[in-house]
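Spelled out from the first residue to the last, the chains are:
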Amino acid sequence: MMTARTPEHSQKNRRENISMSPDVAVVGGSAAGFFTAFLLAREGMPVRVFEQSETLDPEARTLIVTSRMKDLLQDAGSASIVNEIRKFELFTDGRAATISLDRPDLIIERAKLIRSLAERAQESGAKIDFARKFRSLAPDANGITLEMQRPGKETAETLSTRVVVGGDGAASRVAQSAGWPKLETVPLVQAIVPLPKDMTPDTVRVWFVPDDTPYFYWLIPESADRGALGLIGEAGSEARKHLEAFLLKRKLEAISFQGARIPVYRSWVPVRKKLGGGSIFLVGDAAAQVKVSTVGGIVTGLRGAAGVAEAILRGGSSAELRQLRRELDLHLLVRRAMHRFTQDDYSRLVDSLNAPAKRSLSRYSRDEALKVLWRVCVSQPRLILMGLRGLLTGGRFSSRADS
Ligand SMILES: Cc1cc2nc3c(=O)[nH]c(=O)nc-3n(C[C@H](O)[C@H](O)[C@H](O)COP(=O)(O)OP(=O)(O)OC[C@H]3O[C@@H](n4cnc5c(N)ncnc54)[C@H](O)[C@@H]3O)c2cc1C
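Residues numbered from 1 in each chain as written. Predicted model: local features only at pLDDT ≥ 70, side-chain atom pairs only at ≥ 80, totals over all residues. Heavy atoms only, no water.

Draft legend 1. The arrangement of the nonpolar core in detail. Grouped together as the largest cluster of nonpolar side chains are 98 residues, with contacts concentrated most on Phe35, Val47, Met69, Leu73, Leu117, Leu146 and Val165. Listed in part, the 15 residues of the second largest apolar core include Val193, Trp207, Leu219 and Leu252. (Core = buried A, V, L, I, M, F, W, Y, C linked by side-chain atoms within 4.5 Å. Buried < 20%, exposed > 50% of the residue type's maximum accessible area, 1.4 Å probe, protein only.)

Draft legend 2. Main features of helix 2 (residues 31–41). Burial of helix 2 is extensive: 11 of the 11 residues sit out of reach of the surface. Along helix 2, the positions that sit buried rather than exposed are Ala31, Ala32, Gly33, Phe34, Phe35, Thr36, Ala37, Phe38, Leu39, Leu40 and Ala41. (Helix = DSSP H or I, 4+ residues; strand = E, 2+ residues; numbered from the N terminus.)

Draft legend 3. The arrangement of the site of the ligand in detail. Near the ligand you find 29 residues, and of these Ser30, Glu51, Ile64, Phe134 and Asp285 are the closest. Residue Ala31 places a main-chain N or O atom 3.3 Å away from an oxygen atom belonging to the ligand. One of the backbone nitrogen or oxygen atoms of Ile64 is found 2.8 Å away from an oxygen atom of the ligand. Here the ligand loses 90% of its free accessible area of 1,000 Å² to cover by the protein chains. The set of elements that each furnish at least two residues to the shell around the ligand consists of helix 2, strand 3 (62–65), strand 7 (133–139), strand 11 (185–194) and strand 15 (256–263). Here the shell around the ligand gets three residues from one element, more than from any other, and that element is strand 15. Among the residues making up the shell around the ligand, the classes are represented as 11 nonpolar, 11 polar and seven charged. When residues of the shell around the ligand are assigned to domains, at least three fall in each of domain 1 (7–58 + 111–184 + 265–324) and domain 2 (185–261). (Near = heavy atom within 4 Å. Polar contact = N/O pair within 3.5 Å; in protein donor to acceptor, adjacent residues only side chain to side chain. Areas by Shrake-Rupley, 256 points an atom, 1.4 Å probe, with all protein chains shown as cover. Nonpolar A, V, L, I, M, F, W, Y, C, P; charged D, E, K, R; others polar. Domains from an automatic or database assignment.)

Draft legend 4. Spatial organisation of unusual backbone geometry. Even without a glycine there, the phi angle at Ala131 is positive, about 55°. Tracing the backbone shows Ala131 in the loop between strand 6 (127–129) and strand 7. If you check the backbone angles, Lys251 has positive phi at about 55° while not being a glycine. Mapped onto the elements, Lys251 comes out in the loop between helix 6 (236–249) and strand 15. Note on Lys251: relative accessible area 75%, which makes it exposed.

Draft legend 5. Looking closely at the side chain of Glu320. Locating Glu320 in the fold gives a position in helix 8 (residues 319–338). If sequence neighbours within four positions are ignored, Glu320 has contacts with Arg68, Arg303, Ala306, Gly307 and Glu310. (Contact = heavy atoms within 4.5 Å.)

Draft legend 6. Structural view of the packing of aromatic side chains. A complete count under the given rule lists eight aromatic pairs for this structure. Residues Phe216 and Trp218 carry aromatic rings whose centres are separated by 5.9 Å and whose planes lie at 70° to one another, so their mutual orientation is edge-to-face. No difference in accessibility class separates Phe216 from Trp218, as the two residues are buried. An aromatic cluster is present here, built from Phe208, Phe216, Trp218, Phe341 and Tyr346 joined pairwise through their rings. (Phe/Tyr/Trp six-rings, centres within 6.5 Å; stacked < 30°, edge-to-face > 60°.)

This is how it looks when you write it as structure tokens:
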């Protein structure tokens with residue numbers, strides 16, 4: 001995705017594009033916002049990022065992503081990688097299955113990723129304004145006027161631009177101001193814990209406990225002696241209670257907790273709206289660009305950013321956005337199929353993972369949903385029947401519940 005450019009090359013592009021390109025205001029200085037800013041600024045567009053925090057001090061979070069992040073960011077993501085994962089162990093009611101990964105998953109530290117993307121954006125010419133909280137937007141003669149609030153200042157600042165990119169997270173104020181419907185969210189909580197003695201740092205553990213969560217628990221090693229144990233819940237206080245009980249059961253003591261609400265992908269969120277003579281785009285969590293099967297939003301948010309940058313640069317169309325939509329829809333299908341799985345269903349699932357099915361799971365990552373689904377189902381047709389049954393009884397995720 002990131003191609004090396006000589007200084008002459010980027011200067012030439014900058015000069016050529018500035019006269020034709022609209023100014024871009026990105027709201028939200030985090031992974032998706034900074035990556036969009038970088039991709040546009042390196043093509044010579046004048047870009048400003050407005051972030052509400054007073055300094056670049058993002059909350060630390062231990063995250064797991066597929067190696068697709070490397071393809072998207074190349075060396076810009078390297079500084080954030082703290083560990084590599086070569087195996088997954090799946091547990092359900094006394095049964096277990098191990099999946100090896102051909103290309104290791106990456107454990108990354110979110111704050112480092114955001115800092116390094118901010119640096120890349122700045123090096124490419126984007127300007128970052130901290131302590132600017134976006135309040136509202138309205139059409140004006142040239143495009144769109146944004147209103148920002150600075151801490152301690154009574155009067156709001158205004159700015160006119162032709163393109164606004166909302167990268168301001170799950171509760172996006174940009175989306176709300178522009179009339180997008182509010183996103184449904186779920187709580188994600190995790191505890192940093194000492195790594196249990198029987199675990200190796202290259203292996204992630206996943207437990208399916210449907211009485212506690214329709215998703216799963218995970219323990220992700222971030223180093224040889226620490227890991228992040230967490231779950232996705234449906235209600236905030238319940239999720240925290242379940243996590244604490246699970247920690248107690250495993251005799252693990254939390255060193256610290258991390259958590260926030262994550263948007264639930266229910267259907268594709270159109271990423272562009274026109275307002276007056278300008279356009280508003282959404283990227284990352286603001287557009288629910290999250291795989292709802294596992295609730296991972298980093299890779300898909302970066303892909304959303306790449307797609308929106310492509311759409312802005314090409315004046316509307318983006319192959320990346322079309323592919324991302326297909327990917328997110330497939331994850332929704334998987335979530336629908338599994339959302340009301342019982343403990344017996346998970347046991348049958350783990351028992352069904354024959355050697356060819358495991359091979360496909362080793363070979364393709366969860367950022368290649370079509371390949372995984374196709375190969376796994378061909379290897380083990382019983383899974384199609386389980387999936388179909390799940391689709392008919394998928395509770396709030398079933399097609400019937402949506403209508
Ligand atoms: C505990 C936890 C663990 C997770 N684990 C994983 C994982 O393992 N793998 C994975 O892929 N994903 C994971 N996720 C999800 C992932 O972190 C998010 O999908 C991703 O970080 C979203 O990035 P973003 O840039 O879209 O939004 P955010 O990171 O939410 O950034 C939004 C930015 O906008 C700013 N902002 C908000 N409002 C305004 C405003 N009005 N004006 C100006 N600025 C504003 C905020 O300050 C922030 O900087 C996890 C999430 C949590 C909470």
